[in-house]
Structures are given as C-alpha cells and as structure tokens.
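# Fold and geometry: a report
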Amino acid sequence: MTRHDDGTELVFAAYPPAHGRGFAQTWWGQAWLRALEEAALDGSQVKTGRRLARAGAVGTVSVRPGRVTAVVKDRDGTGYRADVLLAELPEEQWDRFLAMAVERAGHVAALLDHEMPPHLVEDAAGAGVDLLPGMGDLEPVCECGAWDQCGHTAALCYQVARLLDENPFVLLLMRGRAENAVLEDLQARSTRGTVPSADSGPSPAYDGVDAEEAFATGAILPPLPAPPELPEGPGVPPSLDTGAEPPPGLDPAALEFLAARAAEEAYRLLADALRPGHERRPLEGDLTAEQDRVRLLAGDPQGAVAERLSAGRSGDESAVAVRAWRYGGPAALSVLEEEWTPGGEVLARARAALATAWEEDERPELRQRGNHWTVADGSRQLRLDRAGRWWPYRTENGRWVPAGEPDRNPATALASAQDTTGDGTAG
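Remember, it's a predicted structure, so these values are computed and weren't measured experimentally. (Residues numbered from 1 in each chain as written. Predicted model: local features only at pLDDT ≥ 70, side-chain atom pairs only at ≥ 80, totals over all residues. Heavy atoms only, no water.)

### Comments concerning helix 3 (residues 91-102)
Quick note on the threshold: Helix and strand assignments follow DSSP, with helices taken as H or I runs no shorter than four residues and strands as E runs no shorter than two, numbered in order from the N terminus. Here the expected length of a helix is defined as 1.5 Å per residue gap, with one fewer gap than residues. Note on exposure labels: buried denotes an accessible area under 20% of the residue type's maximum, exposed denotes more than 50%, and partly exposed covers the range between, all computed with a 1.4 Å probe on protein chains only.
Relative to the 16 Å expected for twelve residues at 1.5 Å per residue, helix 3 spans 17 Å between its end C-alpha atoms, a close match to the ideal helical length. Every buried residue of helix 3 is listed here: Gln93, Trp94, Phe97, Leu98, Met100, Ala101 and Val102.

### A look at the environment of leucine 274
Inclusion rule: Note on contacts: a residue pair is in contact if any heavy atoms of the two residues lie within 4.5 Å.
When you line up the elements, leucine 274 lands in the loop between helix 10 (252-273) and helix 11 (289-297). Taking the C-alpha atoms as reference points, leucine 274 and glutamate 229, separated by 45 residues in sequence, lie 8.4 Å from one another. Residues within four places of leucine 274 in sequence aside, it is in contact with Pro227, Pro228, Glu229 and Leu230.

### Some words on the packing of aromatic side chains
One pair of aromatic rings is described through two measures. These are the centre distance and the angle between the planes. Our working rule: When the centres of two rings from Phe, Tyr and Trp lie within 6.5 Å, Trp using its six-membered ring, the rings pair. Their planes under 30 degrees apart give stacked, over 60 give edge-to-face, and anything left gives tilted. In this scheme, the term charge over a ring applies when either NZ of a lysine or CZ of an arginine sits within 6 Å of the ring centre and within 35 degrees of the ring normal.
Within the structure shown, the criterion is met by two aromatic pairs. We note arginine 383 situated over the ring of tyrosine 393; from NZ or CZ to the ring centre the distance is 4.0 Å. If you follow arginine 386 out to its NZ or CZ, it ends over the ring of tryptophan 340, 4.4 Å from the centre.

### Considerations on the pattern of salt bridges
How we decide: Salt bridges are defined as contacts in which a side-chain nitrogen from Lys or Arg sits within 4 Å of a carboxyl oxygen from Asp or Glu.
One pass over the structure, following the stated rule, counts 20 salt bridges. A salt bridge links arginine 275 to aspartate 272, with the shortest nitrogen-to-oxygen separation between them at 3.2 Å. In the salt-bridge network here, residues are joined through shared partners; they are Glu91, Asp95, Arg177, Asp185 and Arg189.

### Digging into the pairing of strand 7 (residues 366-369)
On any regular strand, side chains alternate: one points to one face of the sheet, the next to the other face. The condition that has to hold: A pair of strands counts as paired when DSSP detects no fewer than two bridges linking them.
Where strand 7 meets strand 8 (residues 372-375), four bridges bridge the pair, whose relative direction is antiparallel. Paired with leucine 366 across the two strands is valine 375, which belongs to strand 8.

### Comments concerning the nonpolar core
Here is a general trend for soluble globular proteins: nonpolar side chains tend to be buried in one another's company. Short version of the rule: Note on terminology: a nonpolar core comprises buried Ala, Val, Leu, Ile, Met, Phe, Trp, Tyr and Cys residues joined through side-chain atoms within 4.5 Å.
With 63 residues, the main nonpolar core has Trp32, Val61, Val63, Phe97 and Leu156 as its most contacted residues. Tallying contributions element by element places helix 6 (residues 151-166) first for this core, with nine residues. Counting residues in each nonpolar core, the second largest holds 21 residues, with Ala254, Ala332, Leu336 and Val401 among its members.

By themselves, these are just geometric observations and shouldn't be taken as functional.
Written out as structure tokens, the structure is:
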C-alpha cells in the first residue's frame, strides 16, 4: 500500500486470486458487501463480479474521499475503469462522530489498533452518523456503459471488502477523512480533556450491542472471556420487613420466599451451566404448574405459604412429593405419580437387566406390575422410568416413598432402598 503525504489517497496493489477464501472476514467488510448485494438490481452481475474478483481481475485500487477506483479486466482480458462512489460525510457529522468517539476511550483504542468495534458504528448511528453504506449508498460508474452495478464495479466492491478487512480507515477515507486527520483530531480532543484519564473514574456506561449485529459477527469477534467462577452460594434477597403495612393483596412473606427460591434456582442453573459437557446435554423442559408447586414446597415454606402451595395434597402426599423432587426433580416426580406398562424391547431390556444384576443365589423374588417390580416381602420396590433408569422405593407408614437416586443397575438401586425404619410394608 502507498499513500499521498497528506493521506488523502491510498493505493493498494492488485491482489492475487482468492480461491477458497471469503472476501470479508471482519464484520465491517461483510456489512460493505451486504450494501452491494442488497442494492444490486441484477444479481447475475454481482455473481460475475465475485468471480472476477476471485480470479484476480481487479488491478491497483485507489481510494480517495468519496471514491474508489480500479481497472477491472473482463474475462476476455479487456480492461475497464470502474469507480464506486460513496457520499462524504458533511463537516457537522464528522464533528459529531469524533466527539462521540473520544467520549469512550475504548473507541479511540480500537481505531488506533485499526479495528472498528461494532458498538462504535452503533454509537455513531445514535449520533446521527452512518459510517457504513446502506442499501443504495454505493453508486457504480464504469467505462463499460452499464447504468447499474455491472460485473466490473461489483468486482471492485468485493476487492474493497478485502481492503476493509485489513484497514477500516479505508472506509473513513471514502467518507472524507484521512487516517492521520482522524487520529490527530482524536488526539487533540483527548488532550483537551474529553477522554477521562485512568484515575478520573469509570468511563461512561455502554448501552450494549444490537442483538442481530452481535449474532452476525459471532464468528469474527474475539473469543468470549472465561466463564465466571461459581459463587459460594446463592444471593440473599433483601428483607421486605419495612414496618409499613403492605398494599392490599401483597403477602411480603410469600414474596420473600419466592425471591429466595428464584436466587437458589439461578444458582443451580449457573452451577449446571459451568459443569463440563453442559453444552452437549439437552435443554430442560418447562415445568408444569404442579411441578413448580412441588419445587417451591421443597424450599421449606412456612405458615400460610406452605398451606397455599399444598392445596390439593394432604400433608403426607406433599411430603412424599417433596422427597421425590429432592432425589431427581421432574423425572422423580413423574416416577412417583405415573404408572405405565413397558412392552416389547423396553420390557426385554428391563428383564435382561434384572436377570444379570445379581448372582443366582442373591437375586430377590420380584413381582411385576406395570413399571413396578416389588420384592416379595413387600418392603422394597424398583420403578423403571422411560429413560431406562431404576428408582428405589421402600415402605414407610404403609406408603411407598422414594428412597434414593436412580441407577442403571437395578441391584445398586434396590440396595439403596433398604428399609431402616422398621415401620411395616405396603401392599
């Protein structure tokens, strides 16, 4: 690349063919190509231009304020001068852009590193300055006489995308300002104190990046930072005991309980997300209202909150449901409440697992009903879920209750159901 002394023209030597390579690797290069592809009336000319650029048919490229120029050779070797025009920004918009940039030290640092962060363009647009071309902003002019984008001007646009990948100041020059002029202006404004120093407090808050833009640039932007470390425990919601009477219909105790449970659930989800292999596990489904009621009951609510959550269940029924939930969440609750009949291959696999789980002289006598296999003395039981896991149950006070976490091995599961209470059997 060569440049005039004042930086008002950049000249780039011809690029070699770009076989097997995309023309734009950066998000701003891709935005330039979108402006070309969305505005072209003849898509075939865009494809022709892409082929010409990929074949190395674009010669030396000259970039000046408002214009980029190159000679593009047609497939027969005939060269045509092609120009693409882009309106320069008026002085008032440049002033707004530079004033906005120096308010955020990160913007200045990025420009000095020849990068253009997505939020710089977004912040500029918020200040009424559109740096990147939109649909219809690129005006083609070619010696071949075409009145719209032709293959030669399209090829030039594809070549410019490669230039933009290397140096975003190419775009700023087309918009009317050379690199040295932009950097000198930024430095002068910084010297006047418009950029906070390192010890002058935090920089202004940043409002974020547009979701579509962030998604489109996901494969281009640097990798995300390492995940945060898991806190020691969930946060503690603030107390609502203010001494004032609550508004009608508001139960402060219930609200505090819900906030605490929400913090615990958020902590659980974060802990699960940080475990290795989380990205390969299926997403959890939404809870039903009844499942969520049991989840909240597992949080040991007191008084009126517990009574409201237990509505429709006796105290014993609620206690058993909570025990199941603590062993395995929605899956354990389903095993507690749903009885089904396995058949075909599922039943064959279950019987094979039961036949091989114990030595011949240790195998207990089991009686099957549906997906329940009960020890002959009626003290313990195995329940098969639809995922092929065995859940241990035992009797307490004449009721079947969950007795442990599931296991793929029925012998291991049944061993954890050993009744230590001596309270009888269930039928």
